[in-house]
Amino acid sequence: MRSTRATAAVARLNQRSAGRHYLMVMTGAGLFQLRERIDGTDRDLSDALPLDDFVRLVDATGPQPVRRMSKSDEAFARQLARRKNTDGDD
């Protein structure tokens, strides 16, 4: 079931991209293509790619999810920034 990773990546892309419909096509050679369905016709968005390259492409396509940060993560980032600024002032 090599296509499970690819299918999951396309499903995530469709969740992030409201109003657009992406689909995956698997070639006879075992390569993957990304397509977008527009008005009942499919448009190729990529060449045929191996699994890992296809998943990377799909994950980089469309809007990216916003990473949530906890208050402690934000405080840690501020502390690192302050430390970085003070270390350069020797």
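*Asks:* Before we go on, may I ask you to explain the pattern of salt bridges in this structure?
*Replies:* Opposite charge on two side chains permits pairing when their charged atoms draw close. The tally for this structure, following the rule as stated, stands at seven salt bridges. Note that Arg20 is salt-bridged to Glu36, the shortest N-O span being 2.8 Å. Taken as a pair, Arg20 in the loop between α1 (3-16) and β1 (22-26) and Glu36 in strand β2 (residues 32-38) lie far apart in primary sequence, 16 residues in all. Between Asp44 and Arg35 there is a salt bridge; the shortest N-O distance is 2.6 Å. Taking relative accessible area as the criterion, Asp44 reaches 44% and is therefore assigned partly exposed.

*Asks:* Any chance you could explain the pairing of strand β3 (residues 41-44) here in plain terms?
*Replies:* Within a regular beta strand, the side chains point alternately toward one face of the sheet and then the other, so they alternate between its two faces. The sheet contact formed by β2 and β3 spans four bridges and is antiparallel. When the bridges of β3 are listed, Glu36 appears paired with Arg43. Between the antiparallel neighbours β2 and β3 lie two residues, among them Asp39 with a positive phi of about 50 degrees.

*Asks:* Hey, could you run me through the sheet that holds β3 in this one?
*Replies:* Within a sheet, each strand pairs with its neighbour through backbone hydrogen bonds, oriented either parallel or antiparallel. The antiparallel open sheet is built from three strands, whose spatial order is β1-β2-β3. Of all the strands in the sheet, the pair left with one neighbour each is β1 and β3. Looking at each pair of strands side by side, their axes are set apart by 40 degrees on average, direction ignored. Both β1 and β2 contribute to a ladder of five bridges, which runs antiparallel. If you follow Met26 over to β2, its bridge partner there is Phe32. Sitting on the sheet, α1 touches β1 and β2, and the angle it makes with β1 is about 165 degrees. Against the sheet, helix α2 (residues 51-60) engages β1 and β2, with an angle of about 35 degrees to β2.

*Asks:* Whenever I open this one, the environment of Pro50 confuses me. Can you help?
*Replies:* Residue placement: Pro50 occurs in the loop between β3 and α2. Along the backbone, Pro50 and Ala29 are 21 residues apart, and their C-alpha atoms lie at a distance of 9.6 Å. Residues within four places of Pro50 in sequence aside, it is in contact with Leu31 and Phe32.

Criteria and thresholds
Residues numbered from 1 in each chain as written. Predicted model: local features only at pLDDT ≥ 70, side-chain atom pairs only at ≥ 80, totals over all residues. Heavy atoms only, no water. Salt bridge = Lys/Arg side-chain N within 4 Å of Asp/Glu carboxyl O. Helix = DSSP H or I, 4+ residues; strand = E, 2+ residues; numbered from the N terminus. Buried < 20%, exposed > 50% of the residue type's maximum accessible area, 1.4 Å probe, protein only. Pairing = 2+ DSSP bridges. Axes fitted to C-alpha atoms, helices over the stretch in contact; angles between N-to-C directions. Contact = heavy atoms within 4.5 Å.

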